[in-house]
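Structure at a glance
Okay, here's what each chain looks like letter by letter:
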Amino acid sequence: MSEFNRSASSKRMRNIVALGKKYSRTAFPNPTREGCPSRSSLRAMANRDRRLTLKDLPVSHVVSCSNCFREYTRFRRMSVLVRGIKITAALVVLAAALVAGRFAWNYTNRRGEPSISHEQRTVPESPVANTQRPPLIAPFPIQIDLASFSPTRGDDTKDDSRHAIHLPQKLLRANLLLPVGLEPGEYAIRLQDSAGTILIDQPASGHMKDGITSVEIDIDLSVAQRGSFTLMIRPPGLSWRRFPVVIE
Ligand SMILES: [Zn+2]
């Protein structure tokens, strides 16, 4: 059916409805249903079946048969209702698709955001973290009293090997109470493994308090192997003192 025919058909249909309104539904009674088209024809007409041409539609009969007119208007109402439901359903599906699409779009965008927001969140704070904030893992404070070890000279550690200093496998803030006789000043601290590899080598200041010289130093043993080590302390202007250490 061409566009022209379809619009002509629609116009004709509207005329039928107008006629139906103009004449009563009982203006053309046809109790014996003489010459009436099949219900499927009426339904096709009501449904505006595009496969049917205007000639196929029993228009002239419907406008002159109250029974068919009533049937037609009933089919027509159903058709409009069904089409309305279909349109509503289609709109619901479309709306759902739009919502889903929007949700997916938001989800994708949000998934893309964390790296940006993470950057925005951490970058301005990192200088602060370096200067003002404590390290992520607070050092474990520990006091190591080396006073029980008599100061020795040179590399002889045989006498001290019986008294190992036991240290936990953590980031330590060690306060080393130095053996009697050691003076305040710049110390060097080393941690050496049994193979002689120096794991830690850093300077530290010795301070005198109540007649005892102490050195505070952060020693990160969190990544150190468990086992025997040697803590080496060199007082200012003197040779290394060695203390056996067991990391456990
Ligand atoms: Zn009829």
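Residues numbered from 1 in each chain as written. Predicted model: local features only at pLDDT ≥ 70, side-chain atom pairs only at ≥ 80, totals over all residues. Heavy atoms only, no water.

Turning our attention to the overall build of the protein. The helix and strand tally for the protein stands at 5 helices and 8 strands. Traced from its N-terminal end to its C-terminal end, the protein shows the element sequence α-α-α-α-α-β-β-β-β-β-β-β-β. Within the protein, buried positions represent 29% of all 248 residues. For the protein, the accessible area works out to roughly 16500 Å², and carbon and sulfur atoms hold 56% of it. (Helix = DSSP H or I, 4+ residues; strand = E, 2+ residues; numbered from the N terminus. Buried < 20%, exposed > 50% of the residue type's maximum accessible area, 1.4 Å probe, protein only. Areas by Shrake-Rupley, 256 points an atom, 1.4 Å probe, with all protein chains shown as cover.)

Right, let's talk about the pattern of salt bridges for a bit. Tallied over the entire structure, the rule returns 4 salt bridges. A salt bridge links Arg-33 to Glu-71, with the nearest nitrogen and oxygen atoms 2.8 Å apart. Taken together, the residues Arg-33 in the loop between helix 1 (3–22) and helix 2 (39–46) and Glu-71 in helix 4 (residues 66–122) connect sequence positions 38 residues apart. By relative accessible area, which is 32% here, Arg-33 ends up partly exposed. For Glu-71, a relative accessible area of 9% translates into the label buried. We note a salt bridge from Asp-218 to Arg-173, for which the minimum N-O separation is 2.7 Å. Linking Asp-218 in strand 6 (residues 212–220) with Arg-173 in strand 3 (residues 171–177), this pair joins segments that are 45 residues apart in sequence. For Asp-218, a relative accessible area of 32% gives the class partly exposed. Residues participating in the shared-partner salt-bridge network are Arg-33, Arg-39 and Glu-71. (Salt bridge = Lys/Arg side-chain N within 4 Å of Asp/Glu carboxyl O.)

Predicted coordinates in regions of low pLDDT should not be interpreted in detail. A residue-level look at the protein finds 75% of positions with pLDDT of 70 or above and a mean pLDDT of 77. When mean pLDDT is taken per element in the protein, strand 4 (residues 185–193) scores highest with 91 and helix 5 (residues 126–131) scores lowest with 51. Confidence drops under pLDDT 50 across residues 113–122; counting only partners more than four residues distant or on other chains, this segment forms 1 contact. (pLDDT = per-residue confidence, 0-100. Contact = heavy atoms within 4.5 Å.)

A word on helix 2. For the α-helix, the turn length of 3.6 residues means that residues three or four positions removed from each other point alike. All of the buried residues along helix 2 are Leu-42, Ala-44, Met-45 and Ala-46. Directly beyond the C-terminal end of helix 2, a positive phi value near 55° is found at Arg-48.

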